[in-house]
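Descriptive analysis of the structure
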Amino acid sequence: MCGIVGYIGPRNCVPILLEGLRRLEYRGYDSAGIALVMNGKFSIHKKAGKVADLVSLLNAGNSELNAQLGIGHTRWATHGEPNDTNAHPHWDAKKEIAIIHNGIIENYLAIKTKLLREGHTFESSTDTEVLAHLIGVMFERTNDLCSAVRMALSEVEGTYGLVVLSTRDSGKIVVARRGSPLIIGVGEGENFVASDASAIVEYTRQVVYLEDGEVAELTTQGFQTMTIDDVKIDKVVEEITLELSQIERGGYDHFMMKEINEQPETIRDAMRGRLLLDEGDVKLGGLTDVMERLLKAKRIILNGCGTSWHAALVGEYMLEQIAKIPTEVEYASEFRYRNPIIGEDDVLFSISQSGETADTLAAMREAKKKGATVLGIVNVVGSTIARESDGGVYVHAGPEIGVASTKSFTSQLTVLALITLMLARAKGMSREDGKVLAKELASLPDKVAHILKQTETIQALANEFKDVRNFLYLGRGANFPVALEGALKLKEISYIHAEGYPAAEMKHGPIALIDENMPVVFIVPRDGIYDKVISNIHEVRARRGRIIAVANEDDREIEEMAEFVIPVPRTYGFFGPIINVIPLQLLSYYMAIARETDVDQPRNLAKSVTVE
Ligand code: M6R
């Protein structure tokens, strides 16, 4: 949520900031801005809209921009509508300080009221401008930027990834973190700061992850880290492995399509070196130390938000049905406010693509505080959830840039299947049975590749339905979460209202919506409840609803009942969601294309939700 990039060094930072913002735009994209220190003065440029709009503004300007110190921000609005004034950077009262900020200053109104009484005036409706003024007040007292930032932050409640510049104390950038990720990129004679590595990987692979409560001062020559109370901290410089090609579109029109097509490979990567085909078993290094606790656990709790929560729902079926471990799923966003009964016998898995989702992180911290073992199923290496958990498994899907999660979902499911198989074997599943499941898992990438060949048919289907206003998605068992995920994908990027339901629940309400204008997508593989879902299909047909079925390719019966069939290969029931979701991802993609919406950066959304 919001992208942050900053530079101090000998180069002209303008192209570094703009390219960084372009790479960070998936985090938030309603306005963007940069602050440069040029000849001891600020040059600040802000624009509502995309980074491209900011670039046009700069190109339209007359002056050549060249600065060796600067910061840039791409925003996802929390306080104040997305317009030029509310865009970051923001100044203090004397316009000697510029700040960019990710997060929410929860007590900003109290601080603002006090500052207003002292004669301050504010241009924007943001909490960030209030923080800028507060830092300015402290700067007057101390004359030292870093001390001013620390003093201001000691009065602040809320979350921040904060980057501060001053024209008066100008050889430095001061950064601070609480609740919003920040990394320092360490170069030679230059240093960077960013909200994630994609903005700076072109220039350095040496990074330092800031932890909550930490502040750092960056100069051209190095950096110094400390707590808000000014206790010096030594940080470890780590190497990032991210490749530039992973964050480029690579010939595709959209990141989402690239990421959908990467799935045969990303599912394979999730299993690589972990799935032991000959032994019918799984080895997960990140869980070795907690294996005993996992096996003794009275229950497993899976939580996450959005798509990751859907993955958790599928995981519940896998863990309960295959490994026979009582499992519960909960929205991370609801978890801590419910004051859940959690103890040392519980194991909580936080599922998150970004590893930074504020609600998921807060739920994990809450469970940890109450004594549970907390584990992560995370994509982004080095993310906060990965670092704060007691162990876990990376899904290895590579950077996911499209706002709609696709490959991270199938990789999360694959990892949940691996965890399930490992626990099932440890709890007594025979090697022979394990081998059958392992073989089935290993076959999934080819099955996904096979489905991906159907793009043309699915595109035609999307064109047929592009003007429809509502969709229903229905599935049962482990395919109920697939229905939820299909509906979420559709609404996120095509803005068509869609709902997912367990198929049998339809007659308890949603059936009232069915008429000849309502398409209903059924996920109906040939499993133990096939006949039940067929009955639900009849119920929709009887009311003239239009039926699209995701069904097994050898299912002839379904062709009689559905207006459109999207064939998928057969697989073991609980692994079905990994392949059944693929046509639904393609359908939502092509619906968005047909409706000419912004596939990768749909309105109002951001990739990584780091505010509550
Ligand atoms: O990074 P996370 O997996 O924690 O993100 C959770 C949700 O915000 C995310 O899955 C969201 O629902 C996606 N945009 C869905 O496509």
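Residues numbered from 1 in each chain as written. Predicted model: local features only at pLDDT ≥ 70, side-chain atom pairs only at ≥ 80, totals over all residues. Heavy atoms only, no water.

1. Focus on helix 9 (residues 306-321)
What counts here: Helix and strand definitions follow DSSP, with helices as H or I runs of at least four residues and strands as E runs of at least two, each counted in order from the N terminus. To estimate the expected span of a helix, count its residues, drop one, and scale the result by 1.5 Å. Here's how the labels work: a residue is buried when its accessible area is under 20% of the maximum for its type, exposed when over 50%, partly exposed in between, all with a 1.4 Å probe on protein chains only. By definition, residues are in contact when any of their heavy atoms lie within 4.5 Å.
Taking 1.5 Å per residue, 16 residues should reach 22 Å; helix 9 reaches 23 Å between its end C-alpha atoms and fits that length. Thr307, Ser308, Trp309, His310, Ala311, Ala312, Leu313, Val314, Gly315, Met318 and Leu319 are the residues of helix 9 that are buried. Looking at the buried side of helix 9, the elements it contacts are strand 18 (299-304), strand 19 (327-331), strand 20 (346-352), helix 13 (407-426), helix 16 (480-494) and helix 19 (576-594).

2. Some thoughts on empty space enclosed by the protein
Note the threshold: In the cavity and pocket records, a cavity denotes points on a 1 Å grid over the protein atoms alone where a 1.4 Å probe fits but cannot get out, a pocket denotes an open set with protein on both sides within 12 Å along at least 5 of 7 lines, and lining residues are residues with an atom within 4 Å of a point. Grid points are joined across faces, edges and corners, and a volume is the space filled by probe spheres set on the points. Think of it as three bins: nonpolar holds Ala, Val, Leu, Ile, Met, Phe, Trp, Tyr, Cys and Pro, charged holds Asp, Glu, Lys and Arg, and polar takes everything else, Gly as well.
According to the stated counting rule, one finds two cavities of 30 Å³ or more in the structure shown. A volume near 60 Å³ is recorded for the largest cavity. If you trace the largest cavity, you find it lined by Cys2, Arg75, Trp76, Thr78, His88, His101, Asn102, Gly103, Thr126, Asp127 and Thr128. Elements represented by at least two residues in the lining of the largest cavity include exactly strand 6 (97-102) and helix 4 (127-142). Taken together, the residues of the lining of the largest cavity sort by class into two nonpolar, seven polar and two charged. Lining the second largest cavity, in full, are Arg476, Asn479, Ile523, Val524, Pro525, Asp527 and Val533. Classifying every residue of the lining of the second largest cavity gives four nonpolar, one polar and two charged.

3. Description of the layout of surface pockets
Basically, it comes down to this: In this entry, domain limits derive from an automatic or database-based domain assignment.
If you add up the space inside the largest pocket, you get close to 760 Å³. Looking at the largest pocket, it is lined by 36 residues, and the ones nearest its centre are Ala197, Leu242, Asn379, Val380 and Val381. Listed by contribution, the elements that provide at least two residues to the lining of the largest pocket are strand 15 (238-239) and helix 12 (384-388). Here the residues of the lining of the largest pocket are counted per class, giving 14 nonpolar, 13 polar and nine charged. Mapped onto the domain boundaries, the lining of the largest pocket takes at least three residues apiece from domain 1 (3-246) and domain 2 (251-450). The calculated volume of the second largest pocket comes to roughly 560 Å³. Considering the residues around the second largest pocket, the lining is formed by 25 residues, among which Gly306, Glu492, Ala606, Lys607 and Val609 are closest to the centre.

4. Quick notes on the pattern of salt bridges
Two side chains with opposite charge may pair up if their charged atoms get near one another. Basically, it comes down to this: For this document, the term salt bridge refers to a Lys or Arg side-chain nitrogen within 4 Å of an Asp or Glu carboxyl oxygen.
Counting across every chain of the model gives 51 salt bridges. Across the salt bridge formed by Asp84 and Lys47, the nearest N and O atoms sit 3.6 Å from each other. Highlighted residues: Asp84 in the loop between strand 4 (69-75) and strand 5 (90-91) and Lys47 in strand 3 (residues 41-48), separated in sequence by 37 residues. Taking relative accessible area as the criterion, Asp84 reaches 34% and is therefore assigned partly exposed. Connected via shared salt-bridge partners are Glu19, Arg22, Arg23, Glu202 and Glu248.

5. Focus on the state of the cysteines
A covalent bond between the sulfur atoms of two cysteines is what we call a disulfide. Selection criterion: Put simply, a disulfide is two cysteine sulfurs that come within 2.5 Å.
Using the criterion set out here, one finds zero disulfides in the structure. Counting only cysteine sulfurs, Cys2 is the nearest neighbor of Cys305, a cysteine outside any disulfide, at a range of 17 Å.

6. A short note on the sheet that holds strand 4
This is how it is decided: Two strands form a pair only when DSSP identifies at least two bridges running between them.
Reading across from one edge, 3-2-4-1-10-9-11-15 is the order of the eight strands in this open sheet, with antiparallel pairing throughout. Only two strands of the sheet have a single neighbouring strand rather than two, namely strand 3 and strand 15. Both strand 2 (residues 31-38) and strand 3 contribute to a ladder of eight bridges, which runs antiparallel. Within strand 3, the residue paired with Ile34 across the bridge is His45.

7. Considerations on the sheet that holds strand 24 (residues 497-502)
Which entries qualify depends on this criterion: Fitted lines through C-alpha atoms serve as axes, helices being fitted only where they are in contact, and the angles separating the N-to-C directions of these axes extend from 0 to 180 degrees.
Read across the open sheet, the five strands follow the order 24-23-25-26-27; overall the sheet is parallel. Of all the strands in the sheet, the pair left with one neighbour each is strand 24 and strand 27 (564-568). The sheet shows a mean angle of 20 degrees between the axes of neighbouring strands, direction not considered. Note that strand 25 (residues 519-524) and strand 26 (residues 546-552) share six bridges and pair parallel. Each residue of the ladder has a partner; that of Val524, found in strand 26, is Ala551. In the packing of helix 15 (residues 455-465) onto the sheet, the strands contacted are strand 23 (470-475), strand 25, strand 26 and strand 27, and the crossing angle to strand 27 comes to about 150 degrees. On top of the sheet, helix 17 (residues 530-541) reaches strand 25 and strand 26; it is set at about 170 degrees to strand 25, its chief contact.

8. Here's the deal with the domain arrangement of the chain
Domain parsing of the chain yields domain 1 (3-246), domain 2 (251-450) and domain 3 (456-595). The centre of domain 1, based on its C-alpha atoms, is set 45 Å off from the matching centre of domain 3.

9. Some words on helix 4
Rules: Distance and chemistry together define a polar contact, namely a pair of N or O atoms within 3.5 Å, with one atom able to donate a hydrogen and the other to accept it when in protein, and with adjacent residues in sequence counting only for side-chain atoms on both sides.
Relative to the 22 Å expected for 16 residues at 1.5 Å per residue, helix 4 spans 23 Å between its end C-alpha atoms, a close match to the ideal helical length. With respect to burial, helix 4 is a largely interior element, 13 of its 16 residues being buried. Two or three places before Glu129, at the start of helix 4, stands the capping residue Thr126, its side-chain oxygen 3.1 Å from that residue's backbone nitrogen. A positive backbone phi angle near 65 degrees is found at Asn143, which sits one or two residues after helix 4.

10. Description of the packing of helix 9 against helix 16
Keep this limit in mind: Any angle that is under 35 degrees is reported as roughly parallel, and any over 145 degrees as roughly antiparallel; angles of 65 to 115 degrees are reported as roughly perpendicular and all others as oblique.
The N-to-C vectors of helix 9 and helix 16 enclose an angle of 170 degrees; their axes lie 9 Å apart at closest approach. Here helix 9 is positioned roughly antiparallel relative to helix 16, judged by the angle of their axes. Residues Gly306, Thr307, Trp309, His310, Leu313, Val314 and Tyr317 of helix 9 touch helix 16, and the partners they reach there are Pro481, Leu484, Glu485, Leu488 and Lys489. Residue classes in the contact of helix 9 with helix 16 are distributed as seven nonpolar, three polar and two charged.

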